[in-house]
Amino acid sequence: MSDTNDIPGGKDVLVEFDDGIAWVYLNRPDKRNAMSVELAREMNAVFDALEIDDRAKVIVLSGKGEAFSAGMDLQGFFRATDKVTDVARHRAYRETRAWQWRTLIHYAKPTIAMVNGWCFGGAFTPLICCDLAITDKDATFGLSEINWGIIPGGVVSKAITTLMGDREAMYYVMTGEKFDGTRAKELGLVNEAVPADKLRERTRELAMVLRDKNPTVLRQARMAVKWAREMDWEMASEYLQAKVDQTTFVDPEKGREQGLKQFLDEKTFKPGHGHYERREVEQS
Ligand code: COA
């Protein structure tokens, strides 16, 4: 619960609250939102704060200016970490890893990446680790690393194979060829590719749909998909059965009970025609 009007971030990361949505922007537009060590530190603090802030029911991650992000900062990450002690380097990598994938994968609230403009290299990691993604159809994506002597590191080469087929991942890693938002949709990197002038409106619309779901069940459903796909069928079946029971146990809205009651007893709701009425329930 937040009882403060404080807004986290403010330098390399900007946060705007809007009716349950927290719009989180990488904010280094003059550097095309290249991701430095300082940005990682600020982003970690922002995600930490938003997770327990009631103003943020859904997070949208995007970039200010012309880019989602031009990837890792060649100065403020690569050069900067070349020059420091091994421990300082280790910390910089750990702090970067934290927000770019570890936090996003486990995040308590739903996340949408809104890709505007350039999206290169390291930017693929947070893009992929958001739950959903919408792009400007004319945005430019690229695994540009091969063109200047490095490989897609961080965890990019792993992340892309969770969404792209092997042939396609290999093709873009090996050629460094750029592609647009429409192609990103074909590749499965994003849910939708829309015209630039519809990007914010469509993202907001989707965020509102997520905002109005039962948040506990939505969280459990997101985690179930993420972890079940790592398991074989037997394990997944056992895990999901347990997850279903856990969801019922932890859901303060008692959504399952409400759904059954409204469908079977009250006959006020049919899942195929909409959502059950979310109600306050007495806690026993
Ligand atoms: N790291 C550090 N600085 C970067 C950067 C990056 N990844 N990407 C852009 N910048 C900086 C530029 O150096 C320039 O800084 P300056 O104004 O101080 O000279 C500023 O951002 C604007 O970039 P510029 O190249 O002039 O903009 P552009 O619109 O012509 O081109 C890109 C945009 C994204 C195509 C181009 O900047 C680029 O290729 N960036 C590198 C992309 C990349 O390979 N990322 C993978 C890293 S893992």
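Numbers given for residues are sequential positions, taken from 1 along each chain in its written order. Per-residue local features of the predicted model are confined to residues with pLDDT of at least 70, and side-chain atom pairs are confined, for both listing and counting, to 80 or more; whole-chain, interface and lining totals are unaffected and use all residues. Water and hydrogen atoms play no part in the side-chain values, which are based on all heavy atoms of the structure.

J.: I tried to follow the overall build of the chain on my own but got confused; where do I start?
T.: Runs of E in the DSSP output that reach at least two residues are strands. Runs of H or I that reach at least four are helices, and both are numbered from the N terminus. Counting its regular elements, the chain contains 11 helices and 10 strands. Rg of the C-alpha trace for the chain: 20 Å, near the compact-globule value of 19 Å for 284 residues, within the 12% margin. Overall, the chain is about 65 × 45 × 40 Å in size when its C-alpha atoms are taken along their principal axes. Between buried and exposed lies partly exposed: a residue is buried under 20% and exposed over 50% of the maximum accessible area for its type, with that area taken using a 1.4 Å probe on protein chains only. Residues classed as buried in the chain amount to 44% of the 284 residues present. Across the chain, contacts joining residues at least 24 apart in sequence account for 68% of those joining residues at least 6 apart. Surface summary for the chain: the accessible area is close to 15500 Å², and the carbon and sulfur share equals 54%. Here Asp and Glu are counted as negative and Lys and Arg as positive; His is not counted, and neither are the chain ends. Charge positions are represented by NZ for Lys, CZ for Arg, CG for Asp and CD for Glu. Side chains of the chain carry 40 positive and 45 negative charges; the gap between the two charge centres is 2 Å. For the radius of gyration, the atom set is restricted to C-alpha positions; the globular benchmark scales as 2.2 Å times the number of residues to the power 0.38. Whether two residues touch is decided by their heavy atoms; if any such pair falls within 4.5 Å, the residues are in contact. All accessibility values rest on the Shrake-Rupley procedure with a 1.4 Å probe; residue burial counts only the protein chains present in the view.

J.: Just to check I follow, could you spell out a nonpolar patch on the surface for this structure?
T.: On the surface, L260, F263 and L264 cluster together into a nonpolar patch covering about 270 Å² of accessible area. Among the structural elements, L264 can be located in helix 11 (residues 255-265). Exposure above 30% relative accessible area and the lack of any salt bridge qualify a residue for a patch; like charges then connect within 9 Å, and the nonpolar side chains Val, Leu, Ile, Met, Phe, Trp and Tyr within 5 Å. For salt bridges, the criterion is a side-chain nitrogen of Lys or Arg within 4 Å of an Asp or Glu carboxyl oxygen.

J.: How should I be thinking about the pattern of salt bridges in this particular structure?
T.: Pairs may arise between side chains of opposite charge once their charged atoms sit close together. Throughout the structure, instances matching the rule amount to 19 salt bridges. Note that D18 and R200 form a salt bridge whose closest N and O atoms lie 4.0 Å from each other. With a gap of 182 residues between them, D18 in strand 1 (residues 13-18) and R200 in helix 8 (residues 199-211) connect regions that are remote in the sequence. Look at D18 and you get buried, because its relative accessible area is 18%. Salt-bridge contacts for E95 lead to R41; the nearest nitrogen and oxygen are separated by 3.0 Å.

J.: Help me understand the sheet that holds strand 4 (residues 67-69), please; the structure alone is not making it clear to me.
T.: One key point about sheets: their strands pair by backbone hydrogen bonds, in either a parallel or an antiparallel sense. Pairing is mixed across the open sheet formed by four strands, whose spatial order is 4-6-8-9. Both edges of this open sheet fall to strand 4 and strand 9 (179-180), since each of them pairs with a single strand only. Two strands are said to pair when DSSP picks up at least two bridges between them. The sheet contact formed by strand 6 (residues 118-120) and strand 8 (residues 140-142) spans three bridges and is parallel. The residue bridging F120 from the neighbouring strand is G142, located in strand 8.

J.: For this particular structure, what's the right way to read helix 2 (residues 74-82)?
T.: Two residues of an α-helix separated by three or four positions point the same way, owing to the 3.6 residues in each turn. Listed as buried for helix 2 are G76, F77 and T81. With its buried residues spanning 90 degrees around the axis, helix 2 presents them on a single face. The inward-facing, buried residues of helix 2 contact helix 1 (37-51) and helix 3 (86-106). Definition of a polar contact: a pair of N or O atoms within 3.5 Å, with one able to donate and the other able to accept a hydrogen when the atoms are protein atoms, and with sequence-neighbouring residues admitted only if both atoms are side-chain atoms. Its side-chain oxygen 2.8 Å from the backbone nitrogen of Q75, D73 forms the N-cap of helix 2. Arc, as used here, means the arc of the directions from the helix axis to the C-beta atoms.

J.: Can you walk me through the site of the ligand in this structure?
T.: Neighbouring the ligand are 14 residues; K31, A70, M72, L74 and S144 lie closest to it. For the ligand, an oxygen atom lies 2.5 Å from a polar atom in the side chain of K31. Within the side chain of R32, an N or O atom sits 3.1 Å from an oxygen atom of the ligand. Coverage of the ligand by the protein chains reaches 61% of its 870 Å² of free accessible surface. Residues are grouped as follows: nonpolar covers Ala, Val, Leu, Ile, Met, Phe, Trp, Tyr, Cys and Pro; charged covers Asp, Glu, Lys and Arg; every other residue, Gly included, is treated as polar. The class makeup of the residues in the shell around the ligand is seven nonpolar, two polar and five charged. Throughout, near means a residue has at least one heavy atom within 4 Å of the molecule or strand.

J.: Before we go on, may I ask you to explain the confidence of the model for the chain in this structure?
T.: Of all residues in the chain, 98% attain a pLDDT of 70 or more, and the chain-wide mean is 96. Within the chain, no element has a lower average pLDDT than helix 11, which sits at 95, and none a higher one than strand 5 (residues 111-115), at 99. Confidence of the predictor at the level of single residues is given by pLDDT, which spans 0 to 100.

J.: Explanation requested: the domain arrangement of the chain in the structure shown.
T.: Interfaces are often sized by the amount of accessible area the parts lose when they come together. As annotated, the domain borders come from an automatic or database domain assignment. Its domain assignment divides the chain into domain 1 (13-211) and domain 2 (215-265). On a C-alpha basis, the centroid separation for the pair domain 1 and domain 2 is 28 Å. Between domain 1 and domain 2, the residue contacts involve 10 residues of the former and six residues of the latter. Approximately 630 Å² of surface area, both sides summed, lies buried where domain 1 meets domain 2, with 52% of it carried by carbon and sulfur atoms. On the domain 1 side of the contact with domain 2, I105, A108 and D131 bury the most area, a combined 52% of that side's loss. The salt bridge partner of D131 is K226, with a shortest N-O separation of 3.1 Å. One can count six residue pairs in polar contact (both at pLDDT 80 or more) joining domain 1 with domain 2. For the side of domain 1 that touches domain 2, the leading source of residues is helix 3, giving three residues. Its residues assigned to classes, the side of domain 1 that touches domain 2 shows seven nonpolar, one polar and two charged. Using a 1.4 Å probe, buried area is obtained as the accessible area two parts lose upon being combined, added over both of them.

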